[in-house]
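# Coordinate analysis (summary)
So the chains spell out like this:
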Amino acid sequence: MTDVIIVPHLHAGGAAAATLLAAVLSQKPDMVLGVATGSTPLPIWSALAAMRLDMSRVSAFALDEYLDLPPGHPESYAAVVHREIAVPLGLNPRKVHTPDAQADLRDAPSAYESAIRAAGGIDVQVVGIGRNGHIGFNEPGSSLSGRTHIANLAAQTRRDNARFFESLDQVPTRCITQGVGTILDARRLILVASGRRKADAVAAALEGPVTASVPASALQLHPDVVAIVDEDAASRLSFADHYRMSAPHGDAA
Ligand code: F6R
């Protein structure tokens, strides 16, 4: 089932998610952490870094990677994960994985699945949500049982991510992404969303029908999901009052 925690703003959400992750880490210092790139999770990484926990035994797996960027491009997710997550958290670079965009693309998806399996599976996966309801880069219409695969980015996603590039033309059109089925294999999922522009997607994902048109709605099928959303992202939820009443005391950071 999904626990929905509504927080006043993005930073409170980061603190709440970091607290959940720290609790898992204290039980399992070699936990396998699934990381999302993008803006929304940034306060999670800074809150976690501020806790100064020993994360040197943690393995990390990114959700996705762009294709067709030159190796070492600063906006490749390998570079972003290293800069924004691995360095601040003190992760061992050898234990940090992104799908290999430079490898033979016939093998890269299954190699990534094998690497996740070899690490013992993902204990906690952090996921953001696209304005169009994507998770990872599983755009509307993606299979809800899909595994890691090569995919095209939706036009909306390329426009949204153009802020990281000099122009829209430079945003890759292809990616390699964990499939929705891969994401659902994680033992626990933390969905984070912030801002009014995510409100429709959040409502569709948490309260709408489970449908390939909103890949994030597949999270409803997972037994252990915590959705941490700020007031703006929660503004279209029909049952917001119910979630507020059901939140365990102290959860809403
Ligand atoms: C990133 C990813 C995407 C983002 C989503 C939200 O690895 O898989 O699904 O989580 O596009 O991005 P932000 O947080 O930048 O709005």
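This report concerns the structure included in the present document. (Residues numbered from 1 in each chain as written. Predicted model: local features only at pLDDT ≥ 70, side-chain atom pairs only at ≥ 80, totals over all residues. Heavy atoms only, no water.)

## Description of the sheet that holds strand E5 (residues 96-97)
Defined as follows: Criterion used throughout: strands pair if DSSP finds at least two bridges between them. The secondary structure listing takes helices from DSSP runs of H or I that are at least 4 residues long and strands from runs of E that are at least 2 residues long, numbered from the N terminus.
Strand order in this open sheet of seven strands is E1-E10-E9-E6-E2-E3-E5, and the pairing throughout is parallel. The outermost strands of the open sheet, each flanked by one partner alone, are strand E1 (2-7) and E5. Bridge count between strand E6 (residues 124-127) and strand E9 (residues 188-193): four bridges; the pairing is parallel. By the bridge assignment for E9, glutamine 125 is matched with leucine 189.

## Some points on the site of the ligand
Inclusion rule: Nearness of a residue to a molecule or strand requires only that one of the residue's heavy atoms be within 4 Å of it. Polar contact criterion, stated in full: a pair of N or O atoms within 3.5 Å, where within protein one must be able to donate a hydrogen and the other to accept it, and residues adjacent in sequence count only if both atoms are side-chain atoms. Values of accessible area rely on a 1.4 Å probe in the Shrake-Rupley scheme; residue burial ignores everything except the protein chains shown. Points on a 1 Å grid, built from protein atoms alone, make a cavity when a 1.4 Å probe fits but cannot get out and make a pocket when they are open with protein on both sides within 12 Å along at least 5 of 7 lines; residues with an atom within 4 Å of a point are the lining residues. For a molecule to be placed in a cavity or pocket, more than half of its atoms must lie within 2 Å of the grid points of that cavity or pocket. Polar here means any residue outside two lists: the nonpolar Ala, Val, Leu, Ile, Met, Phe, Trp, Tyr, Cys and Pro, and the charged Asp, Glu, Lys and Arg; Gly therefore counts as polar.
The full set close to the ligand counts 16 residues, and Thr37, Thr40, Asp64, His134 and Lys198 are the nearest of them. In the environment of the ligand, an oxygen atom lies 2.7 Å from a nitrogen or oxygen atom belonging to the side chain of threonine 37. The side chain of histidine 134 places a nitrogen or oxygen atom 2.7 Å from an oxygen atom of the ligand. When isolated, the ligand has an accessible area of 410 Å², and the protein chains bury 95% of it. Of the pockets mapped on this structure, the ligand occupies the largest pocket. Split by residue class, the shell around the ligand holds five nonpolar, seven polar and four charged.

## What to know about the environment of histidine 73
Keep this limit in mind: Between two residues, a contact is recorded if the distance between any of their heavy atoms is within 4.5 Å.
Take histidine 73: it is sitting in the loop between strand E4 (64-66) and helix H3 (77-89). C-alpha of histidine 73 to C-alpha of isoleucine 116: the two residues are 43 residues apart in sequence and 24 Å apart in space. Not counting residues within four places of it along the chain, the set of residues in contact with histidine 73 comprises Ala79 and Phe165. Among the polar contacts listed, one links the side chain of histidine 73 to the backbone nitrogen of glutamate 75, at a separation of 2.9 Å.

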